[in-house]
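# Observations on the three-dimensional arrangement
Chain residues, written in single-letter form:
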Amino acid sequence: MPKLSELLSANSNSIDATSYSIAPGDVFKVFDNRTTPPKVKYHIVVGISEERILLGTVRINSNININVYRDQASQYRCIKMKAEKYDFLEHDSTIDCNHFLTHNLKDIKTYINSHPDVILGDITTEDLEDIKLRMLDAPTITEEDKEIFGISLN
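I will try to describe carefully the structure that is included in this document. (Residues numbered from 1 in each chain as written. Predicted model: local features only at pLDDT ≥ 70, side-chain atom pairs only at ≥ 80, totals over all residues. Heavy atoms only, no water.)

Looking at the element boundaries, Lys39 is found in strand β2 (residues 39-49). In this structure, Lys39 is in contact with Val30, Phe31 and Asp32, ignoring residues within four places of it in sequence. (Helix = DSSP H or I, 4+ residues; strand = E, 2+ residues; numbered from the N terminus. Contact = heavy atoms within 4.5 Å.)

Written as structure tokens, this is what we have:
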């Protein structure tokens, strides 16, 4: 199956969602009711559990919220993303590796198939591995989730 970036044409950021199979490293936007206030957020797929029909993601934020992440370890788990590296970013942003969100895989696939414009692109394998590495010691992510979604040293 081709990578998402290979399916996106050079002239367009849209794809035929029927030819798309969600994979780790893919980036999509979705209305996120788990933020305060609820709003549209970009999510990066970190792992998929076909067996449990779950998808695991991290969010992309505008910056580090130093009121929430006061300690150095938590701030270390926030990775800077440069807009010049990723076309889907409007400005430099931050990947929050402190929080891992699970979603119903079927619901996300249905949502993407009915709204193909929510597919934004994908990140490099190196950046995905960096996300997983920083998530390893996150006390906010359960050991079970780390195991289910392949968040480990390879």
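Below, the discussion takes up the packing of aromatic side chains. Both the distance between ring centres and the angle between the ring planes are used here to describe each pair of aromatic rings. Applying the stated criterion to the full structure yields 2 aromatic pairs. When the centroid spacing of 5.0 Å and the interplanar angle of 65° are considered together, the rings of Phe100 and Phe149 count as edge-to-face. Taken together, the residues span a long stretch of sequence, with Phe100 in strand β5 (residues 93-104) and Phe149 in the segment after α5 (143-148) at a distance of 49 residues. We classify Phe149 as buried; its relative accessible area is 4%. (Phe/Tyr/Trp six-rings, centres within 6.5 Å; stacked < 30°, edge-to-face > 60°. Buried < 20%, exposed > 50% of the residue type's maximum accessible area, 1.4 Å probe, protein only.)

A word on the pairing of strand β3 (residues 54-61). Here β3 lies mainly inside the structure; 7 of its 8 residues are buried. Pairing geometry for β2 and β3, over 7 bridges, is antiparallel. Bridging from a neighbouring strand, His43 pairs with Arg59 of β3. Between β2 and β3, which pair antiparallel in sequence order, lie 4 residues; one of them, Ile53, sits at a positive phi of approximately 55°. Pairing geometry for β3 and β5, over 7 bridges, is antiparallel. Bridge pairing in β5 places Thr57 opposite Leu101. (Pairing = 2+ DSSP bridges.)

Moving on, we come to a nonpolar patch on the surface. Among the surface-exposed residues, Tyr76, Leu133 and Leu153 lie close enough to one another that they form a single nonpolar patch of about 330 Å² accessible area. One can find Tyr76 in helix α2 (residues 72-76). (Patch = residues over 30% accessible without salt bridge, like charges linked within 9 Å, V, L, I, M, F, W, Y side chains within 5 Å. Areas by Shrake-Rupley, 256 points an atom, 1.4 Å probe, with all protein chains shown as cover. Salt bridge = Lys/Arg side-chain N within 4 Å of Asp/Glu carboxyl O.)

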